[in-house]
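Results of the structural survey
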Amino acid sequence: MSETPKNAEILSRYGQDRDNLMPILHEINNTRGYISEQDMQEIACHLNISATDVYGTATFYSYLNTEPKGKYVIRLCKSLSCDMAGKEKIAAALEAAAGCAFGKTSADNRFTLEYGNCMGWCDLGPAMLVNHDVHTQLTPDKAKEILSQLK
Amino acid sequence: MSTPSILTNLTKGEAYKKAMAMGADAVIKELQASELRGRGGAGFPTGLKWKFTREAAGDKKFVVCNADEGELGTFKDRKLLLEHAHKMFEGMAIAAYVLGAKDAYLYLRWEYHFMKADIEKAMAEMHALCPEVHFHLNFGGGAYVCGEESALIESIEGKRGEPRNKPPYPVTSGLFECPTIINNVETFCCIPHILLEGAAGFASVGTPKSKGPKLFSISGDVKKPGVYEFPMGISLRRVLAAVEAEDTQFVLVGGSGGRIACAEKCLDRNLSFEDLPPGGSIIVLGKKRNLISALRSVMDFFVEESCGQCVPCREGCYRMLHFVEKMEKGEKVSRKELDRFLELGTTMQTSSKCGLGQSASNVFVSMLDYFEKEMVKIQN
Ligand SMILES: Cc1cc2nc3c(=O)[nH]c(=O)nc-3n(C[C@H](O)[C@H](O)[C@H](O)COP(=O)(O)O)c2cc1C
Ligand code: SF4
Ligand code: FES
């Protein structure tokens, strides 16, 4: 991730009204993986609001990262339908394949494992997100196979 | 007259042209005649919402489409967004025309990032056909509460997704404190059908207070899960037969904030605003499912998704989850303690600030109502 855009370049594309905050947070999160405190200060300057305000907003949203995570953030749905469809076994397979427990990042910084709530794929559970990509009808083997493809 | 459906194809841009030819007041009259009620859960009459917003004072007005679809067990908007996005944008453009608004926002849940390119394409196509309207695409950040309309508006404004006090309602003070029409994806998709095919056709199916076709998201212990379109008022029995439900114990209707309908007593109840909530989420639980773990899963959802702004919801969900965990361990529960928690459920319903907290105890209360004996051992 060396050629990621600098804040000045990103911010120059957005206006200075507060409603630009979410799109800016999304862009930084999606291109660099997380939003650092330094980023928050620079965003605050651009929008002319306090850094605390930016921090308060960024941390409200559980899918916006405010600390470094693995290259692939894996979010397994743990809500009712996916639970009934067997998410427990998928969780075990993911932990084995990623080499880390849920809530943690693997030693090589490739994977972060997290749980998420209903993702809108309850008809095809168990479901998970890998960054923005969706994977459905998971089996333990399929979950392992997906992780092995992620370099 | 054929059975109305919102999944049939329409020529893009026709309904928008027709709306302009009819004029704003006639569009509202047609919506009122169709008796369309919001498809996002609460079921407010759409024509009336549009009328109030049109009549509200203010030069600047906005249109917002709620595509947050965070309710547990709901995925019907996913189908519409993937297969009928142009219809939704056209519905939004018609709303903008009725208000004289220039900007229409689509608030899409984070989890639907995968459809971004297709949505942007449909948006550009509809902008070409409805050049007066500027569409904006905003993403959520993985918070269920942002489906609540005032929290969603806060989020578009770049703030924490915390629900506002009501009133004022969005019809007079919504996005940037301007009058705002906010509707669900499915509601907007109904609009072009009603204008092109007529209000009478739309209202030809349903019950006295719930008209038209409705999409349902059905999952759980069924052979054929998926999105189904049925007329409003269909019985639970017919729904379960259509999806080939297996050995049903109970059905969770309306998602995390819904209520349960047990297979023994409720099969002839129907899905409508008069009876079981027709919000769209239907999760079927077979006889082999553990009642308490299902309840724990729902309470766990609320503990994580409560925005924490008000005490009855924040504390109530947390305490209730602990109580359910206690039940799960088979610990002693006295009648007095159980009654206290049922009372807490009522307090949460009446004193929480938004619909999340107001509905968070529904599953707890309705499950104990049907299955107290199976779920707790009362020891005094
Ligand atoms: C906690 C909570 C979550 C909600 N989530 C959604 C949602 O995901 N989609 C939706 O359309 N409405 C949702 N609603 C309902 C909205 O507040 C609002 O009533 C709806 O968008 C109005 O549109 P409609 O009249 O077309 O249904 C939610 C309400 C609450 C209290
Ligand atoms: S009821 Fe719950 S979600 Fe709604 S405002 Fe209060 S704490 Fe937040
Ligand atoms: S319960 Fe997992 S996607 Fe809905």
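Residues numbered from 1 in each chain as written. Chains lettered and ligands numbered in written order. Predicted model: local features only at pLDDT ≥ 70, side-chain atom pairs only at ≥ 80, totals over all residues. Heavy atoms only, no water.

A few words now on the overall build of chain B. The secondary structure content of chain B amounts to 16 helices and 11 strands. Whereas a compact globule of 380 residues would reach a radius of gyration of roughly 21 Å, chain B reaches 21 Å, a difference of no more than 12%. Projected onto its principal axes, the C-alpha coordinates of chain B cover approximately 70 × 45 × 35 Å. A buried classification covers 59% of the 380 residues belonging to chain B. When contacts within chain B are restricted to residue pairs at least 6 apart in sequence, long-range pairs at least 24 apart make up 72% of them. Carbon and sulfur atoms make up 49% of the accessible area of chain B, which totals about 14,900 Å². (Helix = DSSP H or I, 4+ residues; strand = E, 2+ residues; numbered from the N terminus. Rg over C-alpha atoms; globule rule 2.2 N^0.38 Å. Buried < 20%, exposed > 50% of the residue type's maximum accessible area, 1.4 Å probe, protein only. Contact = heavy atoms within 4.5 Å. Areas by Shrake-Rupley, 256 points an atom, 1.4 Å probe, with all protein chains shown as cover.)

Moving on to the packing of helix H6 (residues 87-98) of chain A against helix H7 (residues 140-149) of chain A. Residues and elements named next belong to chain A. Remark: H6 packs on H7, axes separated minimally by 8 Å, with the N-to-C direction vectors making an angle of 30 degrees. Our classification of the angle between H6 and H7 gives roughly parallel. Pair H6 / H7 crosses with right-handed handedness. Along its contact with H6, which presents Lys89, Ile90, Ala93, Leu94, Ala97 and Ala98, the element H7 presents Pro140, Ala143, Lys144 and Leu147. Looking at side-chain class alone, the contact of H6 with H7 contains eight nonpolar, no polar and two charged residues. (Axes fitted to C-alpha atoms, helices over the stretch in contact; angles between N-to-C directions. Parallel < 35°, antiparallel > 145°, perpendicular 65-115°, else oblique. Left-handed = near helix turned anticlockwise from the far one by under 90°. Nonpolar A, V, L, I, M, F, W, Y, C, P; charged D, E, K, R; others polar.)

All names here are of chain A. Burial analysis of strand E1 (residues 72-77) places six of its six residues in the buried class, the great majority of the element. Residues of E1 alternate between two faces, with Tyr72, Ile74 and Leu76 on one and Val73, Arg75 and Cys77 on the opposite face, all of them buried. Examined bridge by bridge, E1 and strand E2 (residues 111-116) share six bridges and lie parallel to one another. Each residue of the ladder has a partner; that of Tyr72, found in E2, is Phe111. Direction of pairing for E1 relative to strand E3 (residues 128-130): antiparallel, over a ladder of three bridges. Its bridge partner being in E3, Ile74 is matched across the sheet by Val130. (Pairing = 2+ DSSP bridges.)

Two numbers describe a pair of aromatic rings. These are the distance of the centres and the angle of the planes. In total, this model carries 18 aromatic pairs over all chains according to the counting rule given. Taking 5.6 Å as the distance between ring centres and 50 degrees as the angle between the ring planes, the aromatic pair formed by Trp121 of chain A and Phe114 of chain B counts as tilted. With one member in each of two chains, Trp121 of chain A in the loop between E2 and E3 and Phe114 of chain B in the loop between strand E2 (103-108) and helix H6 (116-129) form a pair that bridges those chains. The exposure class assigned to Trp121 of chain A is buried, which follows from its relative accessible area of 13%. Three or more aromatic residues joined by ring pairs make a cluster, and in this case those are Trp121 of chain A together with Tyr112 and Phe114 of chain B. The ring of Tyr63 of chain A carries Arg75 of chain A above its face, with NZ or CZ at 4.1 Å from the centroid. Here Arg78 of chain B stacks its cationic end above the ring of Trp121 of chain A, 4.0 Å away from the centre of that ring. (Phe/Tyr/Trp six-rings, centres within 6.5 Å; stacked < 30°, edge-to-face > 60°. Lys NZ or Arg CZ within 6 Å of the ring centre and 35° of its normal.)

Our next topic: the side chain of Thr57 of chain A. Mapped onto the fold, Thr57 of chain A is located in helix H4 (residues 51-60). With sequence-adjacent residues up to four places away left out, Thr57 of chain A is seen in contact with Arg18, Leu21, Met22 and Leu25 of chain A together with Gly158, Lys159 and Arg160 of chain B.

This part is about the interface of chain A and chain B. If you look at the interface, chain A gives 31 residues, while chain B gives 49 residues. Surface buried jointly by chain A and chain B totals about 3,200 Å² across both partners, of which 58% is contributed by carbon and sulfur atoms. In terms of surface lost to chain B, no three residues of chain A exceed Phe60, Leu80 and Met84 of chain A, which account for 22% of the buried area on that side. One salt bridge in this structure joins Lys78 of chain A and Glu304 of chain B, with 2.9 Å as the shortest N-O distance. Where chain A packs against chain B, one counts 20 residue pairs in polar contact (both at pLDDT 80 or more). Going through the elements one at a time, helix H2 (21-32), H4 and helix H5 (80-84) of chain A are the ones with two or more residues in the side of chain A that touches chain B. Along the lines of polarity and charge, the residues of the side of chain A that touches chain B split into 14 nonpolar, 12 polar and five charged. (Buried area = accessible area lost by both parts, 1.4 Å probe. Salt bridge = Lys/Arg side-chain N within 4 Å of Asp/Glu carboxyl O. Polar contact = N/O pair within 3.5 Å; in protein donor to acceptor, adjacent residues only side chain to side chain.)

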